[in-house]
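What the coordinates show
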Amino acid sequence: SVVAALRNEVQVSAAVETAHRAGILHRDIKPANILVTEYNRPALTDFGIATTTGDSSLTTNGALIGSPSYMAPERAHGDEPRPPVDLWALGATLYAAVEGRPPFDGGESMATLMSVVSEPPAPMLRAGPLEPVLRGLLTKDPDQRSTAAIARAQLAAVAAGNAPAPGAHTPASPP
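The rules we used
Residues numbered from 1 in each chain as written. Predicted model: local features only at pLDDT ≥ 70, side-chain atom pairs only at ≥ 80, totals over all residues. Heavy atoms only, no water. Helix = DSSP H or I, 4+ residues; strand = E, 2+ residues; numbered from the N terminus. Buried < 20%, exposed > 50% of the residue type's maximum accessible area, 1.4 Å probe, protein only. Contact = heavy atoms within 4.5 Å. Core = buried A, V, L, I, M, F, W, Y, C linked by side-chain atoms within 4.5 Å. Expected span 1.5 Å × (residues − 1). pLDDT = per-residue confidence, 0-100.

Regarding its fold elements, the protein presents six helices and four strands. Start at the N end of the protein and walk to the C end: the helices and strands fall as α-β-β-β-β-α-α-α-α-α. Here the protein holds 175 residues, and 46% of them are scored as buried. The long-range fraction of contacts in the protein, counting pairs at least 24 apart against all pairs at least 6 apart in sequence, stands at 63%.

Turning our eyes to something else, we now look at the nonpolar core. The nonpolar side chains of soluble globular proteins are, as a tendency, buried together. Counting residues in each nonpolar core, the largest one holds 30 residues, and the members touching the most others are Leu 130 and Leu 134. Taken together, the elements giving at least two residues each to this core come down to helix H1 (2-21), helix H3 (84-99), helix H5 (131-137) and helix H6 (148-159). Tallying contributions element by element places H3 first for this core, with 10 residues. If we ignore the near neighbours within four places in the chain, the residues touching Leu 134 are Gly 91, Leu 94, Tyr 95, Met 124 and Ala 127.

Examined against the element boundaries, Ser 67 turns out to sit in the loop between strand S4 (51-52) and helix H2 (73-76). Note on Ser 67: relative accessible area 15%, which makes it buried. Setting aside chain neighbours within four positions, we find Ser 67 in contact with Asp 28 and Lys 30.

Moving on: H3. Taking 1.5 Å as the rise per residue, H3 with 16 residues should run 22 Å; its terminal C-alpha atoms sit 22 Å apart, in good agreement. With 15 of 16 residues buried, H3 lies mostly within the body of the structure. A positive backbone phi angle near 80° is found at Gly 100, which sits one or two residues after H3.

Right, let's talk about the confidence of the model for the protein for a bit. Chain-level pLDDT for the protein is 78 on average; 74% of the residues reach the 70-or-more range. Mean pLDDT values for the elements of the protein range from 50 in S4 up to 94 in H5. Taken as a whole, residues 55-61 scores under 50 in pLDDT and shows eight contacts with residues more than four places along the chain or in a different chain. The low-confidence segment residues 168-175, where pLDDT is below 50, has 24 contacts with residues more than four positions distant or belonging to other chains.

So, in structure tokens, the structure goes:
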């Protein structure tokens, strides 16, 4: 359900924010890497390509590894990974949970990456009050993307039945 997805996203965003404070970037947040325990608590898994802040390597051989539908545009450009890459992936993951499809899907990896870099997300048909939250997280410019704290507050507001308050990094218009 959307309510369960919201609760999970709030908890996962808190975990991501904690990892970022410790200098760890996950770099592969996607639906398959968020498991729900028997007590309905989400667990962020698969830190296999995680890195520390300031590590600019893509992989051991220079290949770009991750899931293109959930990969931030700056990763596709080869920029140094920073916390906003995980926030983009959180937004893409929530988008997939709500809309039933990823926000970017070109059919094959390179086409999907081109879409991530150059196109807006697919139209949101089911997001309702989550649309501004998703747009804030899926902002192409990482310096304008919503922070984890802003996204968590907005998600909590929506989960409580309120409209999300605009955040300092949430754009007023679609990306």
